[in-house]
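Chain by chain, the residues run as shown.
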Amino acid sequence: VCDFSRTLPCGSKQCNGWGLFDMHGNVYEWCQDWTGADKRKRALRGGAFIYEARKAQSHYRQDNRPDYRSYTIGFRVVRNDS
């Protein structure tokens with residue numbers, strides 16, 4: 001059952017085949033990629049809880065200015081063990 005009124009706690013769903021949790025549909029995540037003709041926007045991926053399922057796919061991207069803030073946008077912390 002989808003709940004379009006709130007985010008879910010991290011790790012509350014099963015992980016994907018690579019052991020990663022919450023990759024799609026909780027909140028959009030800022031990416032390192034610059035987008036747009038003038039390269040002044042950052043890519044957002046993963047979809048958000050208030051949008052339809054077609055936007056919660058790895059190939060779907062949005063973009064916005066880096067100073068844009070919303071309750072539907074977050075980020076992912078990555079740790080490199082090497």
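All of the points below concern the structure found in this document. In this text, all values refer to a predicted model and were calculated from it rather than measured experimentally.

## Focus: the overall build of the protein
Here comes step 1: Counting secondary structure elements, the protein contains zero helices and four strands.
Here comes step 2: Beginning at the N terminus, the succession of helices and strands in the protein can be written as β-β-β-β.
Here comes step 3: By principal-axis analysis of the C-alpha atoms, the protein measures approximately 40 × 40 × 20 Å.
Here comes step 4: With the model as given, the accessible surface of the protein reaches about 6500 Å², and the carbon-plus-sulfur share is 52%.
Here comes step 5: Treating the 14 positive side-chain charges of the protein as one cloud and the 9 negative ones as another, the clouds have centres 2 Å apart.

## Concerning the pattern of salt bridges
Here comes step 1: One pass over the structure, following the stated rule, counts one salt bridge.
Here comes step 2: Taking the shortest distance from any N to any O, the salt bridge between Arg-65 and Asp-67 comes out at 3.1 Å.
Here comes step 3: For Arg-65, a relative accessible area of 43% translates into the label partly exposed.
Here comes step 4: Judged by relative accessible area, Asp-67 falls into the exposed class, the value being 52%.

## Description of the nonpolar core
Here comes step 1: With five residues, the main nonpolar core is built from Tyr-28, Leu-44, Ala-48, Tyr-60 and Ile-73.
Here comes step 2: Apart from residues no more than four positions distant in its own chain, Tyr-28 is found in contact with Leu-44, Arg-45, Gly-46, Gly-47, Ala-48, Tyr-51, Lys-55, Tyr-60, Gln-62, Thr-72, Ile-73 and Gly-74.

## Overview of the pairing of strand β2 (residues 41–45)
Here comes step 1: Inspection of the sheet shows strand β1 (residues 28–35) paired to β2 by four bridges, in the antiparallel sense. Residue Glu-29 lies in a different strand from β2, and its bridge partner there is Arg-45.
Here comes step 2: Examined bridge by bridge, β2 and strand β3 (residues 61–64) share four bridges and lie antiparallel to one another. Its bridge partner lying in β3, Ala-43 is registered against Asp-63.

## Some thoughts on the sheet that holds β3
Here comes step 1: Spatially, four strands are ordered β3-β2-β1-β4 in an open sheet, and the strand pairing comes out mixed. Since the sheet does not close on itself, it has two edges, and those belong to β3 and β4 (73–74), each with one partner.
Here comes step 2: Note that β1 and β4 share two bridges and pair parallel. What sits directly across from Tyr-28, in β4, is Ile-73.

## Things to note about the environment of Pro-66
Here comes step 1: Position of Pro-66 relative to the elements: it lies in the loop between β3 and β4.
Here comes step 2: Looking at Pro-66, the relative accessible area reads 36%, which means it is partly exposed.
Here comes step 3: Measuring from C-alpha to C-alpha, the distance between Pro-66 and Lys-41 comes to 6.2 Å, with 25 residues separating the pair along the chain.
Here comes step 4: Those residues in contact with Pro-66 that lie beyond four places of it in its chain are Trp-30, Trp-34, Arg-40 and Arg-42.

Thresholds, definitions, all that
Residues numbered from 1 in each chain as written. Predicted model: local features only at pLDDT ≥ 70, side-chain atom pairs only at ≥ 80, totals over all residues. Heavy atoms only, no water. Helix = DSSP H or I, 4+ residues; strand = E, 2+ residues; numbered from the N terminus. Areas by Shrake-Rupley, 256 points an atom, 1.4 Å probe, with all protein chains shown as cover. Lys, Arg positive; Asp, Glu negative; His and termini not counted. Charge placed at Lys NZ, Arg CZ, Asp CG, Glu CD. Salt bridge = Lys/Arg side-chain N within 4 Å of Asp/Glu carboxyl O. Buried < 20%, exposed > 50% of the residue type's maximum accessible area, 1.4 Å probe, protein only. Core = buried A, V, L, I, M, F, W, Y, C linked by side-chain atoms within 4.5 Å. Contact = heavy atoms within 4.5 Å. Pairing = 2+ DSSP bridges.

Functional significance is not addressed by these values, which are geometric in nature.
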